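# Residue-level structural notes
Below are the chains, spelled out letter by letter.
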Amino acid sequence: MMSGKQIVGAVLWLLAAASPVGAGEGSLDSRRQVGDLAGEQPCHSGQAEWVLAMHGGVLTRPWHPKAEARKAAMAPILQRGGMAIEGGASALEVVAAVIVEMEDQGIFNAGSGAILNQAGEREMDASIMEGTTQMSGAVASIRKIKNPILGAKHVMEETDNVLFVGPAADSLLAAAGLELAELPTGGSDTRRAALGPPEETPLGTVGAVALDRCGDLAAGTSTGGFDSKIPGRVGDSPLVGAGTWASLTVAVSASGHGEYFIRYAAAHDIHARMAYGGRSLADAAGAVVSELFEKGGIGGVIALDRQGRVAMPHSTPGMLRGVVGANQALEVKAY
Ligand code: ASP
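Residues numbered from 1 in each chain as written. Predicted model: local features only at pLDDT ≥ 70, side-chain atom pairs only at ≥ 80, totals over all residues. Heavy atoms only, no water.

What follows deals with the pattern of salt bridges. In total, this model carries 12 salt bridges according to the counting rule given. In this structure, D104 engages K146 in a salt bridge whose closest nitrogen and oxygen atoms are separated by 3.3 Å. Of this pair, D104 sits in helix α4 (residues 91-105) while K146 is found in the loop between β3 (136-142) and α5 (148-158), placing the two residues 42 residues apart along the sequence. What makes D104 partly exposed here is its relative accessible area of 35%. Each of E93, K153 and E157 takes part in one network of salt bridges that share partners. (Salt bridge = Lys/Arg side-chain N within 4 Å of Asp/Glu carboxyl O. Helix = DSSP H or I, 4+ residues; strand = E, 2+ residues; numbered from the N terminus. Buried < 20%, exposed > 50% of the residue type's maximum accessible area, 1.4 Å probe, protein only.)

Structure below.
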């Protein structure tokens, strides 16, 4: 069952999605009324500051054939997400909605665009976390669910557990009524042909972090993993503390060589340096990414603190990343 706050968030998102790009104050007013009608006080009565940042994965070369298409896809999603948060939607709802849209694009390595493993199958990983409660949910190596991030959110909200994996996770989520993916049928060669030739640099993990007007942080990440991964391999993206983290201090979503992010608990390390070491967001996130690089792990993060400061360091030539906020004009960059 969705809570009142979640219903408000979902309705706000739908209204924002229906609004033309660049819609102004009028549409925000109508969203406010929706919140009132739902009998729930959405977050717009709280602080003025809000921020939404998203990433579409690290770019390991100075030029990537899909970078422009991915960048162009990110801007309107970011804009809709920003409008929803400004109107009072929660960080958690907007993080999930942004990632659903990216999963549905088919041009990122997540959801319908997820790359194939060595057996010619999609195995998808995702996680989501809310900062105030530190509630989290995750799925790994799932094949059948259309939007893995919604699988992760379902685990967080509807079970007492944090992580479900493999066919049992698919069955659990399918039984709960989550939409199934349209999978290419036939043998693995047929499936590969249906998806086109493998990319040379098949990156494009997606993630989002948000600070809402209640002051709550949230983070989420979704991926198909590394190209040609061995079946059953799971990276950092579904692991809370490695590829995703949200607390009262910071929200983080990572992309890169997952094994390193796991071994050094990268996302939580940013939290720890800030919470226990008194480091600033920029210092903590920058140091974690550059120290991972020194150890051999390429990658990047988007990180957001409760004051609305954003850091998006990466040790790769590029990282698709975008941000919008109450005091921050919408910006999407690849390099
Ligand atoms: N971190 C992901 C993984 O290791 C991949 C990526 O971000 O590109 O599965």
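Pairing is mixed across the open sheet formed by 8 strands, whose spatial order is β4-β3-β2-β6-β5-β1-β11-β12. Bordering the open sheet on either side are β4 (163-165) and β12 (328-333), each of which pairs with just one other strand. Within this sheet the neighbouring strands show an average axis-to-axis angle of 10°, counted without direction. Here strand β2 (residues 124-130) pairs with strand β6 (residues 217-223) via 6 bridges, running antiparallel. Opposite M129, over in β6, you have A219 as the bridge partner. (Pairing = 2+ DSSP bridges. Axes fitted to C-alpha atoms, helices over the stretch in contact; angles between N-to-C directions.)

Attention shifts here to unusual backbone geometry. Most peptide bonds take the trans form, and the phi angle of most residues other than glycine is negative. Positive phi values are uncommon outside glycine, yet Q134 reaches one of about 55°. Structurally, Q134 can be placed in the loop between β2 and β3. Located in the positive-phi region is A265, a residue other than glycine, with phi close to 40°. Relative to the assigned elements, A265 resides in the loop between α8 (258-263) and α9 (266-275).

Looking now at helix α3 (residues 67-86). The end-to-end C-alpha separation of α3 is 28 Å, in line with the 28 Å expected for 20 residues at 1.5 Å each. Turning to α3, its buried residues number three or more, namely A67, R70, A73, M74, I77, L78, R80, G81, G82, M83, A84 and I85. Just beyond α3, the residue with positive phi is G88, at close to 115°. (Expected span 1.5 Å × (residues − 1).)

Take the side chain of S127 next. Its location among the elements puts S127 in strand β2. The exposure class of S127 is buried, given its relative accessible area of 0%. A distance of 2.6 Å separates the side chain of S127 from the backbone oxygen of S237, its partner in a polar contact. Among the polar contacts made by the side chain of S127, one reaches the side chain of T244 at a distance of 2.8 Å. Excluding residues within four positions of it along the chain, S127 makes contact with G137, A138, I149, A152, A219, G220, T221, S237, P238, L239 and T244. (Polar contact = N/O pair within 3.5 Å; in protein donor to acceptor, adjacent residues only side chain to side chain. Contact = heavy atoms within 4.5 Å.)

Our next topic: the site of the ligand. By nearness alone, every residue bordering the ligand is listed as L203, T205, G225, F226, R233, G235, D236, S237, S255, G256 and G258. In this structure, T205 approaches the ligand through a side-chain N or O atom, which is 2.9 Å from an oxygen atom. S255 places a side-chain nitrogen or oxygen 2.9 Å from an oxygen atom of the ligand. For the ligand, whose free accessible area comes to 270 Å², the fraction covered by protein is 100%. (Near = heavy atom within 4 Å. Areas by Shrake-Rupley, 256 points an atom, 1.4 Å probe, with all protein chains shown as cover.)

Moving on to the nonpolar core. Membership of the largest hydrophobic core comes to 45 residues, with the highest contact counts inside it found for L52, M54, V98, M102 and I128. Broken down by element, the residue count for this core peaks at 9 residues, all from α4. (Core = buried A, V, L, I, M, F, W, Y, C linked by side-chain atoms within 4.5 Å.)

It is worth spelling out helix α10 (residues 281-295) at this point. Compared with the 21 Å implied by 1.5 Å per residue over 15 residues, the 21 Å span of α10 between its first and last C-alpha is a close match. Along α10, the residues that are buried comprise L281, A284, A285, A287, V288, V289 and L292. G296 sits one or two positions beyond α10 and adopts a positive phi of about 115°.

Turning our attention to the sheet that holds strand β7 (residues 244-246). In space, the 4 strands of this open sheet follow the order β7-β8-β9-β10, with antiparallel pairing throughout. Looking at strand neighbours, the two that pair on one side only are β7 and β10 (310-311), the edges of this open sheet. The pairing of β7 with strand β8 (residues 250-256) spans 3 bridges and is classified as antiparallel. Within β8, the position partnered with W245 by the bridge is V252. The strands that α9 touches are β7, β8 and β9 (299-305); relative to β8, the one it contacts most, it runs at about 145°.

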